[in-house]
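So you can see what is in the structure, the chains are spelled out below.
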Amino acid sequence: MSHVLAAVAWPYANGPRHIGHVSGFGVPADVFSRYMRMAGHDVLMVSGTDEHGTPIQVQADSEGLTPRQLADRYNRVIVEDLHGLGLSYDLFTRTTTGNHYQVVQDLFDGLYRNGYIIAKTTLGAISPSTGRTLPDRYIEGTCPICGYGSARGDQCDNCGNQLDPEQLINPRSRINGETPEFVETEHFFLDLPAVAEALAAWLDTREGWRPNVLRFSRNLLDDLQPRAITRDLEWGVPIPLDGWRDRSDKRIYVWFDAVIGYLSASIEWARRTGDPSAWKKWWSAEGEGKDAAAYYFMGKDNIVFHSVIWPAILLGYSGQGSRGGSPGDLGALNLPTEVVSSEFLTMEGRKFSSSRQVVIYVRDFLERYDADALRYFIAVAGPESQDTDFTWAEFLRRNNDELVAGWGNLVNRSISMAAKNFGAIPPAVELTEADEALLAVARAGFRTVGELIEKHRQKQAIGEAMRVVAEANKYLSEQAPWKLKDAADKPRMGTILHVALQVVSDANTLLTPFLPHSAQKVHELLGGTGVHAPMPAIEEVSDLDGGPAYPVLTGDYTVGARWESVPIEAGRQLQAPKPVFRKLEPSIVDEELSRLAG
Ligand SMILES: [Zn+2]
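To start, this report covers the structure provided alongside it. (Residues numbered from 1 in each chain as written. Predicted model: local features only at pLDDT ≥ 70, side-chain atom pairs only at ≥ 80, totals over all residues. Heavy atoms only, no water.)

1. Digging into the overall build of the protein
Of the regular secondary structure elements, the protein holds 18 helices and 17 strands. Relative to its length of 598 residues, the protein is compact, with a C-alpha radius of gyration of 27 Å against a globular reference of 25 Å. Overall, the protein is about 95 × 55 × 45 Å in size when its C-alpha atoms are taken along their principal axes. Expressed as a percentage of its 598 residues, the buried residues of the protein come to 57%. Total accessible area on the protein stands at roughly 24200 Å², and carbon and sulfur atoms take up 48% of it. (Helix = DSSP H or I, 4+ residues; strand = E, 2+ residues; numbered from the N terminus. Rg over C-alpha atoms; globule rule 2.2 N^0.38 Å. Buried < 20%, exposed > 50% of the residue type's maximum accessible area, 1.4 Å probe, protein only. Areas by Shrake-Rupley, 256 points an atom, 1.4 Å probe, with all protein chains shown as cover.)

2. Here we look at the pattern of salt bridges
What the rule picks out here adds up to 38 salt bridges. The closest approach of N and O atoms between Arg 73 and Glu 63, which form a salt bridge, is 3.1 Å. Of this pair, Arg 73 sits in helix α4 (residues 67-84) while Glu 63 sits in helix α3 (residues 54-63), and the two are ten residues apart along the sequence. Accessibility expressed as a relative area gives 34% for Arg 73, which makes it partly exposed. Taking the shortest distance from any N to any O, the salt bridge between Glu 451 and Arg 447 comes out at 3.7 Å. Remark: Arg 447 and Glu 451 occur in helix α14 (residues 433-454); sequence separation between them is four residues, near one turn of the helix. When its relative accessible area of 35% is taken as the criterion, Glu 451 is described as partly exposed. Through salt bridges with shared partners, a single network forms among Glu 51, Arg 68, Asp 72 and Arg 94. (Salt bridge = Lys/Arg side-chain N within 4 Å of Asp/Glu carboxyl O.)

3. Observations regarding the coordination of the zinc ion
On the protein side, the zinc ion has Cys 143 (SG), Cys 146 (SG), Cys 156 (SG) and Cys 159 (SG) as donor atoms, found 2.3 Å from it. With four donor atoms in place around the zinc ion and angles of 104 to 115° between them, the coordination shape is tetrahedral. When the donor residues of the zinc ion are listed from N- to C-terminus, their spacing reads C-x2-C-x9-C-x2-C. Assessed through its relative accessible area of 0%, Cys 156 is described here as buried. (Donors = N, O, S within 2.8 Å, 3.2 Å for Na, K, Ca; no water. Tetrahedral: all angles 85-135°; square planar, octahedral: opposite > 155°, others 65-115°.)

4. Structural notes on the sheet that holds strand β9 (residues 227-228)
What the three strands build is an open sheet, ordered β4-β8-β9; its pairing is antiparallel. Only two strands of the sheet have a single neighbouring strand rather than two, namely β4 (117-126) and β9. In terms of strand pairing, β4 meets strand β8 (residues 181-190) through ten bridges, oriented antiparallel. The residue bridging Ile 118 from the neighbouring strand is Phe 189, located in β8. (Pairing = 2+ DSSP bridges.)

5. So, the packing of aromatic side chains
Per the counting criterion, the structure on display carries 28 aromatic pairs. Ring centres of Tyr 112 and Phe 188 lie 6.2 Å apart, and the angle between their planes is 80°; on these two criteria the pair is classed as edge-to-face. Taken together, the residues Tyr 112 in helix α5 (residues 98-113) and Phe 188 in strand β8 connect sequence positions 76 residues apart. Note on Tyr 112: relative accessible area 36%, which makes it partly exposed. With a centroid separation of 5.6 Å and an interplanar angle of 40°, the aromatic rings of Tyr 369 and Trp 392 are classed as tilted. Remark: Trp 392 occurs in helix α13 (residues 392-422) and Tyr 369 occurs in the loop between α11 (362-368) and α12 (371-381); sequence separation between them is 23 residues. (Phe/Tyr/Trp six-rings, centres within 6.5 Å; stacked < 30°, edge-to-face > 60°.)

6. Details of the environment of Pro 144
Turning to its location among the elements, Pro 144 is positioned in the loop between β5 (139-142) and β6 (151-152). Sequence spacing of Pro 144 and Thr 391 is 247 residues, and the spatial spacing of their C-alpha atoms is 41 Å. With near-sequence residues (within four places) excluded, Pro 144 lies in contact with Leu 163, Gln 167 and Ile 169. (Contact = heavy atoms within 4.5 Å.)

7. Describing the sheet that holds β6
Spatially, the three strands line up as an open sheet ordered β6-β5-β7, and their pairing is antiparallel. One side of each edge strand has no neighbouring strand; the edge strands of this open sheet are β6 and β7 (169-173). By the bridge criterion, three bridges tie β5 to β7 in an arrangement that is antiparallel. Bridge pairing in β7 places Ile 139 opposite Ser 173.

8. Concerning the packing of α5 against helix α8 (residues 254-273)
Where α5 meets α8, the axes come as close as 8 Å, and the angle between the chain directions of the two elements is 120°. The angle between α5 and α8 falls in the class oblique. The crossing of α5 and α8 is right-handed. On α8, the residues that touch Asn 99, His 100, Val 103, Val 104, Leu 107, Phe 108 and Leu 111 of α5 are Phe 256, Asp 257, Ile 260, Gly 261, Leu 263, Ser 264, Ile 267, Glu 268 and Arg 271. A per-class count over the contact of α5 with α8 returns nine nonpolar, four polar and three charged. (Axes fitted to C-alpha atoms, helices over the stretch in contact; angles between N-to-C directions. Parallel < 35°, antiparallel > 145°, perpendicular 65-115°, else oblique. Left-handed = near helix turned anticlockwise from the far one by under 90°. Nonpolar A, V, L, I, M, F, W, Y, C, P; charged D, E, K, R; others polar.)

9. Points about the packing of α12 against helix α15 (residues 458-479)
Direction vectors running N to C along α12 and α15 enclose 110°, while the axes themselves pass 7 Å from each other. With respect to α15, the element α12 is oriented roughly perpendicular. The segment α12 lies against α15, with Tyr 376, Ala 379, Val 380 and Ala 381 engaging Gln 458, Lys 459, Ile 462 and Met 466. Here the residues of the contact of α12 with α15 are counted per class, giving six nonpolar, one polar and one charged.

10. Considering the pairing of β8
One ladder, built from two bridges, connects β8 with β9; its direction is antiparallel. Counted as the bridge partner of Phe 189 is Ala 228 from β9.

11. Re helix α2 (residues 26-38)
Its 13 residues give α2 an end-to-end C-alpha distance of 18 Å, which sits within 8% of 18 Å, the value for a rise of 1.5 Å per residue. Of the residues flanking the end of α2, it is Gly 40, one or two places downstream, whose phi is positive at about 100°. (Expected span 1.5 Å × (residues − 1).)

Below, the structure is given as structure tokens:
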């Protein structure tokens, strides 16, 4: 058994999440974590809501709330959505905890002492009315190159040139229209060039990454510049240095604190288990965690933070860049084993857009459809390695033709027939070649499906599991046990149904990481008791360091099915099954399309 960290991207707490978000990070990370646990690994799956930064401050201002109030609202919404999808986080927390502040400041401090954080005076845009940093993308003006009137401070969408905000003609704030002031302001920078060599050496040792992710990450190293990690803002983690600690106008930049969340959430999890150093089994590079593996799940817009910025923080903190140094108080820390990035999901041919109502939120989806129907679509047709379009017609087809008519039908007809004719799982008498062949296909699935999930090829993995289902349906049609009506044929009928039910049981285990809700139901239909697929729970907890209480997602995942074929017991009672999946009416397509704007 080895220790495996599943580090899942932190959703930003400025609104509810849509299905594009969860298809990129949540569901693939959950499939991986569930499988790895079933295969006997000690998995720690952590994340939380990302709650600092200018966008939350701006939105809170516009709604007359404090940033914390806004973050509280969407933290809860997101926790409930992820719970509804059955995502098995060991801890899903948030970045506004006392624990997180402490860990962020520890890392800042360690990097600073090792010389990887440097102070610089720069020209920055400030909002004259609030004194806050106005980030580049919140500044708009006329492009000095092509004359386009609505160029952004970071780039012109008309001519595509990269810009600096002070180059814009007639710059104005997109928040309130005022003219920004460009003032000299002192900030701290992460000295990325000082870890560039160490980063390149680390990337050279990476194996099995999706080629585009590795190529993109290597290219980022060609032009590494020091990167500002503080902001003129009052919402965020204070800077833990003398002369800065008590300033209300300077905070650590949100992306610096958010990536540290993987570590702080692991530490919070350990503190909550009563063994405060347990996190080291996943993190400690020179101690008990040195053989651990760490997989990071995200959409492709976040690659840079996970393959460059976060490793740079870990290297600098551990004293492994060109400036040397020694590990900070938490010790040398593990770098990512793999950055698993997915591509984008679009919606009916368009980019998801909450403001333009090209969107379906997780909550609305789960009100009308089952979580496993969405999990199935994401696994079988999601944006694993290329941009992919979600359409309601395709969702309907996948649900009705594959989930209901394929897997649901196999479960339903084999259990019904056995219940009706035997009342229990019948014994197998003498196995034919066809029986043996089908059982072998199902058993072989454990190796093929498992290896594919380990390599993050989930689309192919669920394809292999569904191939076992198709083979079993074909077998039933060919063997036609319903024709064996005579008393003399009954032992053969029982044998066929025994084989079919064994394969239903195996296929159910193969599908458990993908479809945990229905896997539990199938387990019970087969007469099984107890937990087959453990589920997360929402718990209200108090802040460990005295802050306000908040909801977390957590669970006991040590129980449940193992990744192996378990022989079914002849004689176990069966009842006539209820359908496991819901067949959807074709009219849902038009109903859903009419909810989309335009
Ligand atoms: Zn331009």
